[in-house]
Each structure stands twice: as C-alpha cells, then as structure tokens.
Amino acid sequence: RGHSPEYHPCRTSPKRSFCGRYGGQPLRPTHIRPHTMSLYSSLSIGPDDLLWTGNGMTKRKHQLLTESERDQILAIPTDRDHLARLYTFEPSDIEIIGARRERRNQLGVALQLALLRHPGITLAQLIQDRGAIPHDLAAFVAEQLGLHVTELANYAARDQTMTDHARELAARLGLRG
C-alpha cells in the first residue's frame, strides 16, 4: 500500500510474529515439510467434521457433548427442586413481569423470561419444537405469581405479542436479537 519495496510489516512491527511469509517469500504448500504433510493426509475428515468459519472451511476440533447429553442438560425439568433451582424469580424479575396489565400477559412474559434463561429459547420455539408448554413449568411459574395456569390460554391472542415480549426480554437480558 504505497510502501517502499523493502517494507515488510513483520519487520517493522514486533507484535506481528507471522504474516504469511516464509523467509521473505509468500507461504506456499511447498514450504510444508514432508513429515507434516503425511500427518494431515492420514486424517479422515467427514462432512460433519467441517465447520464454516467465515474465512473458509476448517476441521471441527472436537464435540463437547453427545446429542443425548445435550438434550439432558437443556431439558426442562419436571421435578420441583430442579424447577425451583432454574425458574425462581427475583424481585427485579417480578417487577418486569408485573409491568404487564393483563394476567395472561404477565404469565406469558414470565414463561418467556424463564425459558430465555434456561434452556435459552423463546416460548414460540418451545411450542414449535414440543407442540405444548410443559404443565409442570407453567404451573410452577404461575404459582410464583399467584396466577392460574388457565390464564395462559388467551396469551398472545395477537400473533405479534409473543415475539414482541421475547425481543423486549432478550434486550433487557443483554442477549443478541
């Protein structure tokens, strides 16, 4: 970029230790030592092992959890102890929920808030994935607010309500939208 031919960023900046050059020449596959090439050629890479990084495809390093482990960790619990551990509201949560005028919206927002915290999904995603809201979760959340689960039947009479509530809560929690 308008620099003299002898300018080289690696030579002028001590912070940059590698800049894609080898001995002053652009790095080419011929600069890879033969024993290193055999290491890479022996790897068996399937389509599920590749990951798009934005700069191209790369090999996925490892998978932390199996599908069943992931399902177990992200499952919505049914026993009261686990529900209490994950879904007990703090006073600041109650204020957010109580800002809604109608009881159905209070219960809907409370469920949205609970689900955004664990397992990190919206109420609409839960309904889409499971077809229904787990009764144990709805009952536990409703009990904390002094509401009845049947209030939820009329929640989101307007299609956009559920989405609006999810976006508002995500913004309050500092989640990406």
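A brief look at the structure comes next. From a predicted model like this one, the values you see are computed outputs, not experimental measurements.

### Considering the overall build of the protein
For step 1, the next point in the chain: Within the protein one finds 9 helices and 4 strands.
For step 2, the next point in the chain: Looking at the protein as a whole, 25% of its 177 residues qualify as buried.
For step 3, the next point in the chain: In the protein, once contacts between residues fewer than 6 apart in sequence are set aside, the share between residues at least 24 apart is 56%.

### Side note on the packing of helix α6 (residues 103–117) against helix α8 (residues 135–145)
For step 1, the next point in the chain: Remark: α6 packs on α8, axes separated minimally by 10 Å, with the N-to-C direction vectors making an angle of 120°. Accordingly, the angle class assigned to the pair α6 and α8 is oblique. For the pair α6 and α8, the sense of crossing is right-handed. Residues Gln106, Leu107, Ala110, Leu111, Ala114 and Leu115 of α6 touch α8, and the partners they reach there are Leu137, Ala138, Val141, Ala142 and Leu145.
For step 2, the next point in the chain: Looking at side-chain class alone, the contact of α6 with α8 contains 10 nonpolar, 1 polar and no charged residues.

### Focus on unusual backbone geometry
For step 1, the next point in the chain: Omega for the bond connecting His118 with Pro119 falls within 30 degrees of zero, at 10°, which places this linkage in the cis form.
For step 2, the next point in the chain: Here Pro119 is to be found in the loop between α6 and α7 (123–130).
For step 3, the next point in the chain: Phi is positive for Ala156, close to 60°, though the residue is something other than glycine.
For step 4, the next point in the chain: Overall, Ala156 belongs to the buried group, its relative accessible area being 16%.

### Topic: the packing of helix α4 (residues 80–87) against α8
For step 1, the next point in the chain: Closest axis-to-axis distance for the α4/α8 pair is 11 Å, and the angle between their directions is 60°. In this view, α4 runs oblique relative to α8, as classed from their interaxial angle. Note that α4 runs across α8; the crossing there is right-handed. Two secondary-structure elements touch here, α4 through Arg80, Leu83, Ala84 and Tyr87 and α8 through Asp136, Leu137, Phe140, Glu143 and Gln144.
For step 2, the next point in the chain: Residue composition of the contact of α4 with α8, by class: 5 nonpolar, 1 polar and 3 charged.

### Topic: the nonpolar core
For step 1, the next point in the chain: Ranked by internal contacts, the top residues of the largest apolar core, which has 27 residues, are Leu137 and Val141.
For step 2, the next point in the chain: Broken down by secondary-structure element, the contributors of at least two residues to this core are α4, α5 (91–98), α6, α7, α8 and α9 (159–173).
For step 3, the next point in the chain: The biggest single contributor to this core is α6, with 8 residues.
For step 4, the next point in the chain: Not counting residues within four places of it along the chain, the set of residues in contact with Leu137 comprises Ile76, Leu83, Tyr87, Leu111 and Leu115.

### Concerning the environment of Ala114
For step 1, the next point in the chain: Assignment of secondary structure puts Ala114 in helix α6.
For step 2, the next point in the chain: Since its relative accessible area comes to 4%, Ala114 is described here as buried.
For step 3, the next point in the chain: Separated by 23 residues in sequence, Ala114 and Leu137 place their C-alpha atoms 9.0 Å apart.
For step 4, the next point in the chain: Residues in contact with Ala114, not counting those within four places in the same chain, are Tyr87, Phe89 and Val141.

### Comments concerning the side chain of Thr161
For step 1, the next point in the chain: Examined against the element boundaries, Thr161 turns out to sit in helix α9.
For step 2, the next point in the chain: Classification of Thr161 as buried rests on a relative accessible area of 11%.
For step 3, the next point in the chain: Those residues in contact with Thr161 that lie beyond four places of it in its chain are Asn105, Tyr155 and Ala156.

### Regarding α9
For an α-helix, 3.6 residues make a turn, and residues three or four places apart therefore share a direction.
For step 1, the next point in the chain: Residues of α9 that are buried: Thr161, Met162, His165, Ala166, Leu169 and Ala170. Taken down its axis, α9 places every buried residue within 160° of arc, on the same side. Exposed and oriented more than 90 degrees from the buried face of α9 are Asp159, Arg167 and Ala171.
For step 2, the next point in the chain: Next to the buried residues of α9 lie α5, α6 and α7.

About the criteria used
Residues numbered from 1 in each chain as written. Predicted model: local features only at pLDDT ≥ 70, side-chain atom pairs only at ≥ 80, totals over all residues. Heavy atoms only, no water. Helix = DSSP H or I, 4+ residues; strand = E, 2+ residues; numbered from the N terminus. Buried < 20%, exposed > 50% of the residue type's maximum accessible area, 1.4 Å probe, protein only. Contact = heavy atoms within 4.5 Å. Axes fitted to C-alpha atoms, helices over the stretch in contact; angles between N-to-C directions. Parallel < 35°, antiparallel > 145°, perpendicular 65-115°, else oblique. Left-handed = near helix turned anticlockwise from the far one by under 90°. Nonpolar A, V, L, I, M, F, W, Y, C, P; charged D, E, K, R; others polar. Core = buried A, V, L, I, M, F, W, Y, C linked by side-chain atoms within 4.5 Å. Arc of directions from axis to C-beta.

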